[in-house]
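# Fold and contact review
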Amino acid sequence: MAPLTTMHTHLIIIAWLAQVINALQTPPRKKVVVVGAGWAGLSTAWTLSKNNVDVTLVDAAARPGGVVRDGFKTRGGRPAEAGQHGFWEEYFNIYKLLYDELKLEDDPLTGYAEQGQYSPEGLQAIWPVYRDKQNLPTGLAQARYTRFLKLSPLDLATAAPLVAAFSEFLSDDDAWRRYDELSFRDLCTKLGVSRKLYREAFEPMILTGLFAPGEQCSAAAALGMAYFFVLKSQTAFDVRWCRGNIGDLIFAPWCDQLRERGVTLQFDTRIEGVELDGDTVTGVKAAGETIPCDDIVFAVGMRALKGLAKSPALASRDEFRKFGNLRGTDVLATRLFFDRDVETPYSANACWGFDDKVGQTWFDLKKLHAPRLDGEPGAVVEVDYYHAGSLLGLSDAELEAKARRDLETMVPAFKSAELVDAAVVRLPEAVNWYFPGSYQSCPATESESLRNAYFAGDVVRDLGHGSWSQEKAYVSGIAAANRVLGRAALDGVEPLKPNEPHVAAGAAAAKALRRVFSFGGDGPSLASVPW
């Protein structure tokens, strides 16, 4: 081998120095720990993974999905999950994920179909596919096309004063605080909504949309939820459903792609605390070890946030102590397998009146999940209950019998079918409970007391997007990731459709009236009228 010349030696030294300088100039990858693997946590990890961030995602459950996870079994070993999952018209960012980013091989969602609403007295209302109807201004379209079979025009007309409440609610950013101070039922009482309309239309909507009765739900949360899901546009309530277990169709392939991007996923791992250096989180304690981090994102719901309030390292901070005021509401999911097929009028249905202050839905899974359940000998039906604390103490056999009785009341043909298998899934305090006054205890996207901590989930109070439920959770994950990266929170987020002209005009009029009558103060509000 020929000896190296002086020139060769110089070139080698120069190349080595260039590598050293480049390494010194390239900052180390930021390490971020995301706590929670629901829509918000997965969204945070997904966004960060596009930006060369070292992400570790930690969740106490065995499978991803948060409250909407699957992985449960019937007594006969069939798969089950925690309820069914709808994807509404305004889920623009989730649709972008599913169809433009994940590029799933099979479409995970159903088409659109009419939906029913039942009580123990039978069918009460039919929700059409609004996109199939002639286009009308929102509000007028829902009044014209929704078929309430037992409500008189006089009862329906008593909803008119709520238009003024929606106008004020949409008029300024501080409206949420004002309307959060009273319950939705109190607001309806103040505005003269008839008892029949409230009991048969609004209360079922709140029980299945916010998972608690109207007197225990913030009027702000109710108005925000109803506007997003029902009144944003004529087609706002048009909904598609997952065509199978959401874990198999969406979360599993999503997690596979996260792993391909280098994200570390740690399931069955409950965090035990955090390590602090002053007002900086330096590590997350989990499974007997400490995961070092430059930033942390808490992508969890109210129940888990309440648990953080008890953490010795965090309990001294006012921000985290307030989380102790938060709480979740109970959910019960049942899946029933029958020995023969039963024809059902509608594949997705809401219910009211079977149990006091308990919301209820049921789904014909043979239709929604087709063709995945074609091999089953008979009907497969999901019957779910919300604000279900009064039911959780019943045995599995008692709950199976109750769900079947309720189903037979609505569709008598089920009386001729035998129940051959069932699953009962209890989820205590699993869903966020937006009770009056809860807003002030909810977190902002950026921690108020820790310089490198962030929050994601539909519990975040300052998102400024207008979405709700799964879409809000997903968007909040993008927002938290953006703040970690030093970007504007909603950078890259698909906005909602603009308010329709008559809605925008109503909000502007409400704002102007409050300004005229403010007399230097806050101005009058329907939320604070004394009657």
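A brief look at the structure comes next. (Residues numbered from 1 in each chain as written. Predicted model: local features only at pLDDT ≥ 70, side-chain atom pairs only at ≥ 80, totals over all residues. Heavy atoms only, no water.)

### A word on the sheet that holds strand 18 (residues 380–386)
Just so we agree on the cut-off: Paired strands are those between which DSSP finds at least two bridges. Secondary structure follows DSSP: runs of H or I at least 4 residues long count as helices, runs of E at least 2 residues long count as strands, and numbering of each begins at the N terminus. By the convention used here, residues are in contact when the closest approach between their heavy atoms is within 4.5 Å. Lines fitted to the C-alpha atoms define the axes, with helices restricted to the stretch that makes contact. Angles between their N-to-C directions range from 0 to 180 degrees.
Read from one edge to the other, the open sheet built from 8 strands follows the order 8-7-6-16-17-18-15-19, with strand pairing classed as mixed. Taken across any chain shown, the strands that pair with only one partner, and hence form the sheet edges, are strand 8 (147–148) and strand 19 (419–432). With 5 bridges connecting them, strand 6 (residues 115–119) and strand 7 (residues 122–127) associate as antiparallel partners. Considered in strand 7, the bridge of Gln117 is made with Ala125. Taken strand by strand, helix 9 (residues 195–209) contacts strand 6, strand 7, strand 8, strand 17 (359–364) and strand 18, and its axis lies near 75° from that of strand 17. Strands in contact with helix 15 (residues 396–410) are strand 6, strand 15 (328–338), strand 16 (348–351), strand 17, strand 18 and strand 19; relative to strand 19, the strand with the most contacts, it is inclined by about 100°.

### Re the layout of surface pockets
Basically, it comes down to this: Of the grid points, spaced at 1 Å and generated over the protein atoms alone, those admitting a 1.4 Å probe that cannot get out make up cavities, while open sets with protein on both sides within 12 Å along at least five of seven lines make up pockets; any residue with an atom within 4 Å of a point is treated as lining. Grid points are joined across faces, edges and corners, and a volume is the space filled by probe spheres set on the points. Gly is placed with the polar residues, together with every amino acid not listed as nonpolar (Ala, Val, Leu, Ile, Met, Phe, Trp, Tyr, Cys and Pro) or charged (Asp, Glu, Lys and Arg).
The calculated volume of the second largest pocket comes to roughly 810 Å³. Around the second largest pocket sit 31 residues that line it, and Phe169, Trp176, Gly464, His465 and Gly466 are the ones nearest its centre. At the level of elements, helix 7 (175–179) and helix 10 (219–231) are the ones that each hand at least two residues to the lining of the second largest pocket. Here the residues of the lining of the second largest pocket sort into 14 nonpolar, 8 polar and 9 charged.

### A look at the nonpolar core
Counted only if it meets this: Nonpolar cores are built from buried Ala, Val, Leu, Ile, Met, Phe, Trp, Tyr and Cys residues. Side-chain atoms within 4.5 Å join them into one set. Under the scheme applied here, a residue whose accessible area is under 20% of the maximum for its type counts as buried, over 50% as exposed, and between as partly exposed, the area being computed with a 1.4 Å probe on protein chains only.
The biggest cluster of nonpolar side chains holds 127 residues, and the ones touching the most others in it are Trp39, Phe87, Tyr179, Leu187, Trp254 and Phe298. The leading source of residues in this core is helix 10, at 11 residues. Not counting chain neighbours up to four residues away, the residues in contact with Phe87 comprise Trp39, Ile94, Tyr95, Leu109, Asp238, Val239, Arg240, Cys242, Ile246, Ile250 and Gln470. In this structure, Tyr118, Ile126, Leu332 and Val381 belong to the second largest nonpolar core, which totals 27 residues.

### A closer look at the pattern of salt bridges
As a reminder, the rule being used: Salt bridges are defined by distance alone: a side-chain nitrogen of Lys or Arg within 4 Å of a carboxyl oxygen of Asp or Glu.
Tallied over the full model, the rule gives 35 salt bridges. Here Arg335 ties to Glu382 by a salt bridge, and the two come within 2.9 Å at their closest N and O atoms. Here Arg335, found in strand 15, pairs with Glu382, found in strand 18; they are 47 residues apart in sequence, far enough to count as distant. Each member of the salt-bridge network shares a partner with another, and the members are Glu89, Arg131, Asp238 and Lys497.

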